[in-house]
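# Coordinates in review
The lines below spell out each chain.
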Amino acid sequence: MRRVEHPRFTTALAQIEDSIDAAWDSFCAGSGVGRGTAEARELAEVVLQDTSEFDWRVVDGALNQLTCPDCGSTLGAGDEGCASCDRANGFRFAAQETDRPGVPPGNEHAIRVSSAVARTRNRYTPRARAGYELLLPDLLSGVLPATAQAQRLKHLINQRTDDELEHLLTPSDLQPDA
Ligand SMILES: [Zn+2]
């Protein structure tokens, strides 16, 4: 089974998508704008003018409202090399990342980066996908791997073929003896 078909991955991805939708809906409601309206799309454009003022889920929610003028994908989700999507994807990186109570510092940053890979995996290599997607469910549970552990995973990922990487379901699939 490919990782993208496995419930561990699909459940985590759905959880992320739901949280982005909820953050956007709540931001629209707070701004007095109805969801899915022309005003909501204008609000999305405003958010993207300076993403450092907003939570990353609001920024991702804003991108969801807009269509790329060049490739027709959801803005920021087109293949790498689409100039408008590359620029919009970069907007994600300035957004605010606030850790939930009780998680290790940096957990929210890791969730943000991993979810960008999982949500627009067409933009990333099989190695990058494995490196981030395998960890996403654990990150959502509040875990953050230590640097040494992350480096060990990266080392093991580099030894696999692209096809093998797409069939990895959990980090422990990389370390069968652990
Ligand atoms: Zn595009």
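Right above here is the structure, for reference.
For the structure given in this document, a descriptive report is provided here. (Residues numbered from 1 in each chain as written. Predicted model: local features only at pLDDT ≥ 70, side-chain atom pairs only at ≥ 80, totals over all residues. Heavy atoms only, no water.)

### What about the layout of surface pockets?
Put simply, the test is: Within this scheme a cavity is a closed region of a 1 Å grid, computed over the protein atoms alone, that accommodates a 1.4 Å probe without allowing it to escape, whereas a pocket is open but has protein on both sides within 12 Å along at least five of seven lines; lining residues each have an atom within 4 Å of a point. Grid points are joined across faces, edges and corners, and a volume is the space filled by probe spheres set on the points. Gly counts as polar in this scheme, as do all residues outside two lists: the nonpolar Ala, Val, Leu, Ile, Met, Phe, Trp, Tyr, Cys and Pro, and the charged Asp, Glu, Lys and Arg. Strands here are runs of E lasting at least two residues and helices are runs of H or I lasting at least four, both read from the DSSP assignment and numbered beginning at the N terminus.
Taken as a whole, the largest pocket holds about 480 Å³ of empty space. Lining the largest pocket are 17 residues, with G131, Y132, L135, A150 and K154 positioned closest to its centre. Partitioned by chemical class, the residues of the lining of the largest pocket number 10 nonpolar, 5 polar and 2 charged. The wall of the second largest pocket is formed by E45, L48, L66, T67, P69, L75, S84, R87, A88 and F91. Of all the secondary structure elements, the ones that give two or more residues to the lining of the second largest pocket are α2 (38-49) and α4 (83-91). Ranked by the residues each element gives to the lining of the second largest pocket, the list is headed by α4, at 4 residues. Residue composition of the lining of the second largest pocket, grouped by class: 6 nonpolar, 2 polar and 2 charged.

### Comments concerning the packing of aromatic side chains
Geometrically, a pair of aromatic rings is defined through the distance of the ring centres and the angle of the planes. The test is simple: Think of it this way: a Phe, Tyr or Trp ring, Trp meaning its six-membered ring, pairs with another when their centres are within 6.5 Å, and the plane angle makes it stacked under 30 degrees, edge-to-face over 60, tilted otherwise. Throughout, exposure labels follow a simple rule: accessible area from a 1.4 Å probe, protein chains only, divided by the maximum for the residue type, with under 20% read as buried, over 50% as exposed, and the rest as partly exposed. Any Lys NZ or Arg CZ found within 6 Å of a ring centre and within 35 degrees of that ring's normal is scored as a charge over the ring.
Throughout the structure, instances matching the rule amount to 2 aromatic pairs. Between the aromatic rings of W24 and F27, the centroid separation amounts to 5.8 Å while the plane-to-plane angle is 40 degrees, which identifies the pairing as tilted. With W24 and F27 both in helix α1 (residues 7-30) and 3 residues apart, this pair spans about one turn of that helix. Aromatic pair F27 and F54: ring centres 5.5 Å apart, planes at 80 degrees, arrangement edge-to-face. Here F27, found in helix α1, pairs with F54, found in the loop between α2 and α3 (56-64); they are 27 residues apart in sequence, far enough to count as distant. For the pair F27 and F54, one class covers both residues: buried. One aromatic cluster in this structure is built from W24, F27 and F54. Geometry around F93 places R112 over its ring, the cationic atom sitting 4.6 Å from the centre.

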